[in-house]
Amino acid sequence: MYAVVMNKAFVREPEDHGDRCPRCGSRGREVFEATLVAQLPPEERARIGEPACFCPHATCEVAYFDRFERTVEVAGLRRPVFPKDPQAPICPCFGLTVEEIEADARDGSVARLKEHRLRAESPEARCATAAPDGRSCIPAVQRHYFKSRGG
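Keep in mind that this is a model prediction, so the values were computed, not measured.

Draft legend 1. Summary view of the packing of aromatic side chains. Using the criterion set out here, one finds two aromatic pairs in the structure. Considering the side-chain rings of Tyr-145 and Phe-146, the 5.5 Å spacing of their centres and the 80 degrees angle between planes classify their relative orientation as edge-to-face. On the accessibility criterion, Tyr-145 (3% relative accessible area) is buried. Seen from the ring of Phe-54, Lys-84 lies directly overhead, with NZ or CZ sitting 5.7 Å from the centre.

Right, dumping it as structure tokens:
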């Protein structure tokens, strides 16, 4: 039997793009400067560089981190954000809460979700600055609704 010896020059190593939270290891979501400025007081914003990522893990105390593993913790945010604070609105633009989504799921109602989707897709939405990850909440709202329905 022959042993196979591979030269490291031919083995592709996993690439580290600096998008893993240094505290919990979750893959972060890269955010824009406008998001950081809106979410962080100036002294906290100055602590991390670009590109920066939002840690989406609900129980991790890190809110933002950069490639040098510098972090801003949840306590440094201007206001509570979902999912770090489950009481914060899942939609910071229009105030939709997890409790409202769960109530609709129990009732089998989709009217509020349809109305929310229309508003969230409108020019009224301020996702880039209101959401901690700078993205629309629509996918998170839908996931939470279907999870609450048991689906």
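Draft legend 2. Quick peek at the side chain of Thr-35. Within the fold, Thr-35 resides in helix α1 (residues 33–39). With residues near it in sequence (within four places) discarded, Thr-35 still touches Tyr-64, Ala-128, Ala-131, Pro-132, Asp-133 and Gly-134.

Draft legend 3. The arrangement of the nonpolar core in detail. Core analysis: the biggest nonpolar cluster contains 13 residues, and Ile-90, Leu-96, Ile-101, Leu-113 and Val-141 have the highest contact counts within it. Of all elements in the fold, only α3 (98–107), α5 (127–130) and α6 (138–148) reach the threshold of two or more residues within this core. With three residues, the top contributor of residues to this core is α3. Among residues more than four places away in sequence, those in contact with Leu-113 are Leu-96, Ile-101, Asp-104, Val-141 and Tyr-145. Judged by nonpolar contacts, the second largest core, of eleven residues, contains Val-31, Ala-52, Ala-63 and Leu-77.

Quick notes on the rules
- Residues numbered from 1 in each chain as written.
- Predicted model: local features only at pLDDT ≥ 70, side-chain atom pairs only at ≥ 80, totals over all residues.
- Heavy atoms only, no water.
- Phe/Tyr/Trp six-rings, centres within 6.5 Å; stacked < 30°, edge-to-face > 60°.
- Buried < 20%, exposed > 50% of the residue type's maximum accessible area, 1.4 Å probe, protein only.
- Lys NZ or Arg CZ within 6 Å of the ring centre and 35° of its normal.
- Helix = DSSP H or I, 4+ residues; strand = E, 2+ residues; numbered from the N terminus.
- Contact = heavy atoms within 4.5 Å.
- Core = buried A, V, L, I, M, F, W, Y, C linked by side-chain atoms within 4.5 Å.

Just distances and angles here, no functional claims.
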